Amino acid sequence: MTFSNNQKIVLASGNQGKIKEIQTILKHHPVIPQSDFNIEEVEETGSTFVENAIIKARNAALHCNLPAIADDSGLVVDALNGAPGVMSARYAGVGATDQKNLLKLLTDLEGIPVEQRIARFVCVIVFMRHANDPLPVIAQGTWEGRILTEAIGENGFGYDPVFWVPTHQKASAELAPAIKNSLSHRGQALQILTAAIQRL
């Protein structure tokens, strides 16, 4: 199967910020969120980003009978032994808002000096041609930075307001969307994924 412009692909996500970013980066392809098919999000039972992305892509492909893209992404903080990690969206509990997750992160890092607040955003994106695809395409991107002591900026979502981008001397939430997409973990992973699919 080729990754043609007229091939519909279902996106296994209900996160509006994530949907907008992916549709912007893959603007030449008809990416349809699974919510358009009234598919409920599947439970993420994996212990790694790869496992969870495969679980989500397989579920979307199964229910839509279409190729599916799913990403699992999160924030990995060295001083917290990799937390929040795969629990990034649920760091402050199931159904927690971005604000509650962000506040828990800042609380957990209280007293940690700036040079030890090293972190990275990680994104693993999976493309499955069908639910039983034995060889899904897997792409990974990472974005290195540090965690601030307070939120800055109005753009983005999730942990963007506390993620300091050293190359631009700004928080992720202060970056214009086009600049963020060119730098981010998700932008990197999508570029790798698109190139890989086109070689199929």
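This structure is a prediction, so every number in the text was calculated from the model and none was measured. Position numbers for residues start from 1 in each chain and track the written sequence from start to end. Local features in this predicted model are restricted to residues of pLDDT 70 or higher, and side-chain atom pairs are both shown and tallied only at a pLDDT of 80 or more, whereas totals for entire chains, interfaces and linings draw on every residue. Side-chain numbers here rest on the full set of heavy atoms in the structure, without hydrogens or water.

Geometry is summarised by axes, namely lines fitted to C-alpha atoms with helices restricted to the contacting stretch, and by angles between N-to-C directions that run from 0 to 180 degrees. Under the DSSP-based scheme used, a helix requires at least four consecutive residues in state H or I and a strand at least two consecutive residues in state E, with every element numbered from the N terminus. Their axes nearest at 10 Å, the elements helix α1 (residues 16–25) and helix α5 (residues 185–198) cross at an angle of 45 degrees. When the interaxial angle is binned, α1 and α5 end up oblique. You can see that α1 and α5 cross each other, and the crossing is right-handed. Here K18, E21, I22 and I25 of α1 come into contact with α5, specifically with R186, G187, L190 and Q191. Across the contact of α1 with α5, the residue classes break down as 3 nonpolar, 2 polar and 3 charged. Angles below 35 degrees are treated as roughly parallel, those above 145 as roughly antiparallel, those between 65 and 115 as roughly perpendicular, and all remaining angles as oblique. We call a crossing left-handed when the near helix sits turned anticlockwise from the far one by less than a right angle, and right-handed when that turn is clockwise. Pairs of residues are marked as contacts when any of their non-hydrogen atoms sit within 4.5 Å. The classification used treats Ala, Val, Leu, Ile, Met, Phe, Trp, Tyr, Cys and Pro as nonpolar, Asp, Glu, Lys and Arg as charged, and all other residues, Gly among them, as polar.

Turning our attention to the environment of K180. Structurally, K180 is set in helix α4 (residues 177–183). Exposed residues in this analysis have more than 50% of their type's maximum accessible area, buried residues have under 20%, and partly exposed residues fall in between, with area computed by a 1.4 Å probe over protein chains only. By relative accessible area, which is 5% here, K180 ends up buried. For the pair K180 and L193, spaced 13 residues apart in the sequence, the C-alpha separation amounts to 18 Å. Residues within four places of K180 in sequence aside, it is in contact with E21, W143, G156, F157, D160, S172 and L175.

What follows concerns α1. By the burial criterion, the buried members of α1 are K18, I19, E21, I22 and I25. Down the axis of α1, the buried side of the element spans an arc of 165 degrees, and every buried residue falls inside it. More than 90 degrees from the buried face of α1, the exposed residues found are Q16 and K20. The elements touched by buried residues of α1 are β1 (9–11), β2 (31–33), β3 (68–77), α4 and α5. Comment: arc refers to directions from the helix axis out to C-beta atoms.

Quick look at helix α2 (residues 49–64) now. Expected helix span is taken as 1.5 Å per residue step, with the number of steps being one fewer than the number of residues. In this model, α2 (16 residues) spans 23 Å end to end at C-alpha, consistent with the 22 Å of a helix rising 1.5 Å per residue. All of the buried residues along α2 are F49, N52, A53, I54, K56, A57, N59, A60, A61 and C64. Elements in contact with the buried residues of α2: β1, β3, β4 (118–128) and β5 (137–147). Downstream of α2 by a residue or two, N65 has a phi angle that is positive, lying close to 55 degrees.

Looking now at the layout of surface pockets. Only protein atoms enter the 1 Å grid used here. Points where a 1.4 Å probe fits but cannot escape make up a cavity, open sets with protein on both sides within 12 Å along at least five of seven lines make up a pocket, and a residue lines them when an atom lies within 4 Å of a point. Grid points are joined across faces, edges and corners, and a volume is the space filled by probe spheres set on the points. Taken as a whole, the largest pocket encloses approximately 750 Å³ of empty space. Around the largest pocket, the lining is made up of 34 residues, and of these N15, K18, S73, S88 and A89 lie nearest the centre. The set of elements that each furnish at least two residues to the lining of the largest pocket consists of α1, β3, α3 (98–108) and α5. Counting residues per element, the lining of the largest pocket draws most heavily on β3, at 5 residues. Here the second largest pocket defines a volume of roughly 220 Å³. Residue contributions to the lining of the second largest pocket peak at 4 residues, all from α1. Grouping the amino acids of the lining of the second largest pocket by side-chain chemistry returns 3 nonpolar, 5 polar and 3 charged.

Here we come to the pairing of β3. Of all 10 residues in β3, 10 are buried; the element is thus mostly enclosed. Residues of β3 alternate between two faces, with A68, A70, D72, G74 and V76 on one and I69, D71, S73, L75 and V77 on the opposite face, all of them buried. Only strands joined by at least two bridges in the DSSP assignment are considered to pair. Relative to β4, β3 runs antiparallel, the two sharing 10 bridges. What sits directly across from S73, in β4, is C123.

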